[in-house]
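Breakdown of the fold
Here is how the chains run, residue by residue.
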Amino acid sequence: MSTVDQSGTFALGNRIVKRLGYGAMRLAGPGVFGPPKDPDAAVAVLREAIACGVNHIDTSDYYGPHVTNQLIREALHPSPEELTQAVHDNLRNLGLDVLDVVNFRSMHGVDAGSQGPAEGSIEAPLTVLAELQHKGLVRRIGLSNVTPAQIAEGRRICEIVCVQNEYNLAHRANDALIDDLARDGIPYVPYFPLGGFNPLQSSILSKVAARLDATPMQVALAWLLRRAPNVLLIPGTSSVTHLRENLASAELNLPGDAMTSLNEIGDSVP
Ligand SMILES: NC(=O)c1ccc[n+]([C@@H]2O[C@H](COP(=O)([O-])OP(=O)(O)OC[C@H]3O[C@@H](n4cnc5c(N)ncnc54)[C@H](OP(=O)(O)O)[C@@H]3O)[C@@H](O)[C@H]2O)c1
């Protein structure tokens, strides 16, 4: 049994994945856009993830060298043609005939500077994705940066196999949503599980980590694994050392009192 196996498994649609996976966004170039600065190093991280038994990897749509900042801005509210083109671009870049899971990321509120998901219909773009699914280009559909109302709207259009929103020890706006999705057997895949561009920092986290002889990042991931059975992790890193460290969190046992202390971090952050 590999270390990653100890994280357990959960059904993503009709596919069983290990709960500890990997997010590839950090392999892109500067500012997480474009091709990697060091392609060999990026491939080494991916090979190591596979060698360690990871079977759930989140790739970034922004990786392709053809994607420019201008295109991304235009795609805030994508037309059917732009969405279809994006799926074809993903297929070509990944060398696939069908995409396993496509997460549609809602951009409502982004142009108005919203920090999190904002209400607004996702019917039009999701209908386009559902048509691409019927054509066999997309196997499963998930949602990202969405509210409970948008998830309900999405589930009336097609099967939603996962939800990917921002969540970590210090950013817990989705606590109720995670529990609701768990009741329906839908995976919740937190992005920025380690704090993203603002790495998690907390004296409580550091104290718990020191007591358990672990690193703060390992404790943050172990806490997420304990948070609910439908939480699937895709921590990002560009480093093989950090990857190994993160995957080892599957073996970290958090005692009840450590969970209680860590829960206080969320309570203390507005
Ligand atoms: N749906 C969406 O809108 C959306 C948005 C953002 C991200 N995502 C997905 O979510 C995944 C995870 O998010 P993320 O990569 O942005 O953020 P993250 O996993 O919270 O954190 C990644 C950052 O933490 C650092 N890090 C990783 N492991 C570490 C360790 N053991 N010790 C110290 N530092 C460590 C990384 O630096 P190093 O490279 O130096 O290790 C990187 O700067 C992404 O890869 C992407 O697939 C989705």
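See the structure shown above.
Description of the structure in this document. (Residues numbered from 1 in each chain as written. Predicted model: local features only at pLDDT ≥ 70, side-chain atom pairs only at ≥ 80, totals over all residues. Heavy atoms only, no water.)

What about the overall build of the protein chain?
If you tally the helices and strands in the protein chain, you get 10 helices and 7 strands. Taken over the C-alpha trace, the protein chain has a radius of gyration of 18 Å; the compact-globule value for 270 residues is 18 Å, and the two agree within 12%. Along the three orthogonal principal directions, the C-alpha set of the protein chain runs to about 55 × 40 × 35 Å. Burial status across the protein chain gives 46% buried among its 270 residues. Considering only contacts within the protein chain whose residues lie at least 6 apart along the sequence, 73% involve residues at least 24 apart. Charge separation in the protein chain, taken as the distance between the mean sites of 21 positive and 29 negative side-chain charges, equals 4 Å. (Helix = DSSP H or I, 4+ residues; strand = E, 2+ residues; numbered from the N terminus. Rg over C-alpha atoms; globule rule 2.2 N^0.38 Å. Buried < 20%, exposed > 50% of the residue type's maximum accessible area, 1.4 Å probe, protein only. Contact = heavy atoms within 4.5 Å. Lys, Arg positive; Asp, Glu negative; His and termini not counted. Charge placed at Lys NZ, Arg CZ, Asp CG, Glu CD.)

Section: the packing of aromatic side chains
Two measures describe an aromatic ring pair: the distance that separates the ring centres and the angle between the ring planes. The final tally for this structure, using the stated rule, is 4 aromatic pairs. Relative to Y188, the ring of Y167 lies with its centre 5.8 Å away and its plane at 85 degrees, an arrangement referred to as edge-to-face. With a gap of 21 residues between them, Y167 in the loop between β7 (160-164) and α6 (175-183) and Y188 in the loop between α6 and α7 (203-212) connect regions that are remote in the sequence. This pair shows no difference in class: Y167 is buried, exactly as Y188 is. Note on F192 and F197: the rings are 5.7 Å apart at their centroids and 80 degrees apart in plane angle, and the pair reads as edge-to-face. Residue F197 is classed as partly exposed on the basis of its relative accessible area, which comes to 48%. Feature note: the residues Y167, Y188 and W223 constitute an aromatic cluster, connected by ring pairs. A cation over an aromatic ring shows up here: R26 above the ring of F197, its NZ or CZ 4.3 Å from the ring centre. (Phe/Tyr/Trp six-rings, centres within 6.5 Å; stacked < 30°, edge-to-face > 60°. Lys NZ or Arg CZ within 6 Å of the ring centre and 35° of its normal.)

Structural notes on the pattern of salt bridges
For the structure shown, the criterion picks out 12 salt bridges. Of the charged contacts in the structure, one is a salt bridge between R155 and D184, with a shortest N-O distance of 2.9 Å. One end of the pair, R155, is in helix α5 (residues 148-157); the other, D184, is in the loop between α6 and α7, and 29 residues separate them in sequence. Looking at R155, the relative accessible area reads 42%, which means it is partly exposed. A single salt-bridge network, built from bridges that share partners, covers R15, D100, R139 and R140. (Salt bridge = Lys/Arg side-chain N within 4 Å of Asp/Glu carboxyl O.)

As for the sheet that holds strand β5 (residues 99-105)
One open sheet accounts for 3 strands, arranged β5-β6-β7; its pairing is parallel. The strands lining the two open edges of the sheet, one partner per strand, are β5 and β7. Within the sheet, the average angular offset between the axes of one strand and its neighbour, ignoring direction, is 30 degrees. Direction of pairing for β5 relative to strand β6 (residues 138-144): parallel, over a ladder of 6 bridges. When the sheet's bridge partners are listed, L99 is paired in β6 with V138. (Pairing = 2+ DSSP bridges. Axes fitted to C-alpha atoms, helices over the stretch in contact; angles between N-to-C directions.)

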